[in-house]
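# Examining the three-dimensional arrangement
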Amino acid sequence: MTSIILYCRPGFEKECGAEIQEKAAWNEIYGYLTLTKNEGLVYFNLHNEEDGQKLIEKVPLKRLIFARDWFLTLTDKIDLPDYNRVEAITEALGQEWQYSDLRMEMTDTNDGKALSKFCRKLSVPLRQALRKNKVLTEKGDNEGAILHALFLSGSEVILGYSLSHNSSAYVMGIPHLRFPNQSPSRSTLKLDEAFLYFIPKDEWETRLTSGLKAVDLGAAPGGWTYQLVRRGMMVQAIDNGPMAESLMETGQVKHYMVDGFKFVPAKQNVYWLVCDMIEKPQRVAWLMSQWLLKGYCKEAIFNLKLPMKGRYQEVTKNLDTLKEAFAQANVKYEMYAKHLYYDREEVTVHARLLSPVPQF
Ligand SMILES: C[S@@+](CC[C@H](N)C(=O)[O-])C[C@H]1O[C@@H](n2cnc3c(N)ncnc32)[C@H](O)[C@@H]1O
């Protein structure tokens, strides 16, 4: 049985499954789902074996909201012996195909975390053996395939591969970011990850550079503002709640205690709009479309809070609101949404217009 295995946040397997099934069907690829319970793993079992390669080529991982990373299986679950695990894995792989990297993976659960030391230890002799067999080539080959070894326990592994250009830059799609002590809230990691995920590093010099003006809606106590300030931006922080003193002392922040839905920037010189207001996602989506269409900002990153039920449908509906507003205004745009690692009951969206903004 050939399957696509997708990693998502534990508890979001249903959303991740519904999404891959729908987007695969758009490409006339069909299969059935096996969902794990709170293990953050989804198995999309393909009816036709040949569809696997087609799917990981045709569906961009960036277009999947709930999947952190994925791979196409090469083997079913392999039972590993207590000794000679390396041999068992190299034998199962054969020598036909080559990979540019090896990723040792496990579930994003406490059981999975308990396996990480075991995986680190095993990865050294396994890499050596795979290199010797010429199955693993020298690192740095961005064109090739990545070999995934998903350990379900110390004695069970599933092997598979993904395409380097269409998989996450991080093992299991998890960037491990350091919490900056100076930040007034842990939410700061969400915007840090969003910049890392949505904005290519080689464009940071123009799109995330010092001197840019930014607006932060729902800013208090200032975790997101901190990310803008530390990049040298000047920030208008909108929230009725108090902002951290340390941020106000930088001189880079102006605090407005007003409603984020009513605030209008005095000048059309704002580059970034970021928004983390805990508000109805449909209202936030509409507000974001208006900021972009009216030319109040050039780029926006915002969170859409998820409801308890029907989460995939709700996000799709919210994104449709933005798409319809852009279509009506006849503008070209770029928009991606992702359930980022540091997100919980929300997804993060990045949007910007690519064609000239209409004048109102
Ligand atoms: C999740 S917190 C923001 C945390 C912030 N991003 C950080 O990193 O510290 C949500 C904030 O949105 C604010 N908020 C909710 N509705 C708002 C509105 N209509 N206008 C302005 N702020 C609002 C709340 O006061 C709250 O401080």
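A brief structural summary. (Residues numbered from 1 in each chain as written. Predicted model: local features only at pLDDT ≥ 70, side-chain atom pairs only at ≥ 80, totals over all residues. Heavy atoms only, no water.)

### Topic: the packing of helix H6 (residues 188-198) against helix H8 (residues 223-230)
- Remark: H6 packs on H8, axes separated minimally by 7 Å, with the N-to-C direction vectors making an angle of 45°. Comparing the axis directions of H6 and H8 gives the class oblique. The handedness of the crossing between H6 and H8 is right-handed. Between H6 and H8, the contacting residues are Thr 188, Lys 190, Leu 191, Asp 192 and Phe 195 on the first element and Gly 223, Trp 224, Tyr 226, Gln 227, Leu 228 and Arg 230 on the second.
- Taken together, the residues that form the contact of H6 with H8 break down as five nonpolar, three polar and three charged. (Axes fitted to C-alpha atoms, helices over the stretch in contact; angles between N-to-C directions. Helix = DSSP H or I, 4+ residues; strand = E, 2+ residues; numbered from the N terminus. Parallel < 35°, antiparallel > 145°, perpendicular 65-115°, else oblique. Left-handed = near helix turned anticlockwise from the far one by under 90°. Contact = heavy atoms within 4.5 Å. Nonpolar A, V, L, I, M, F, W, Y, C, P; charged D, E, K, R; others polar.)

### Quick notes on the sheet that holds strand E14 (residues 333-338)
- Pairing in this open sheet of seven strands is mixed, and the strands run E11-E10-E9-E12-E13-E15-E14 from one edge to the other. Strands at the two margins of the open sheet, each flanked by one partner only, are strand E11 (253-256) and E14. Mean inter-strand twist for the sheet, computed between neighbouring axes without regard to direction, equals 15°.
- Of the pairings in the sheet, the one linking strand E9 (residues 213-217) to strand E10 (residues 234-238) comprises five bridges and is parallel in character. Within E10, the residue paired with Ala 214 across the bridge is Val 235. (Pairing = 2+ DSSP bridges.)

### Some points on the packing of helix H10 (residues 281-293) against helix H11 (residues 311-328)
- H11 packs onto H10 with a crossing angle of 25° between their chain directions and a minimal axis gap of 9 Å. In terms of their interaxial angle, H10 and H11 are classed as roughly parallel. Every pair of crossing elements has a handedness; the one defined by H10 and H11 is right-handed. Contact residues: Pro 281, Gln 282, Ala 285, Trp 286, Met 288, Ser 289, Leu 292 and Leu 293 in H10; Glu 314, Lys 317, Asn 318, Thr 321, Leu 322, Ala 325 and Phe 326 in H11.

### Focus: the environment of Ser 187
- Counting through the fold element by element, Ser 187 comes out in the loop between strand E8 (156-163) and H6.
- Once the C-alpha coordinates of Ser 187 and Pro 221 are considered, the two residues, 34 residues apart in sequence, prove to be 9.7 Å apart.
- Discounting chain neighbours no more than four positions away, the residues touching Ser 187 are Trp 224 and Asp 276.

### Things to note about the pattern of salt bridges
- Taken as a whole and assessed by the stated rule, the structure comprises 18 salt bridges.
- For Lys 23, the salt bridge is made with Glu 19, and the minimal N-O distance between the two is 2.9 Å. On the criterion of helical spacing, the pair formed by Lys 23 and Glu 19 is a turn pair, its members being four residues apart in helix H1 (residues 13-26).
- You can call Lys 23 buried: its relative accessible area is 12%.
- A salt bridge links Arg 103 to Asp 69; its shortest N-O distance comes to 3.3 Å. (Salt bridge = Lys/Arg side-chain N within 4 Å of Asp/Glu carboxyl O. Buried < 20%, exposed > 50% of the residue type's maximum accessible area, 1.4 Å probe, protein only.)

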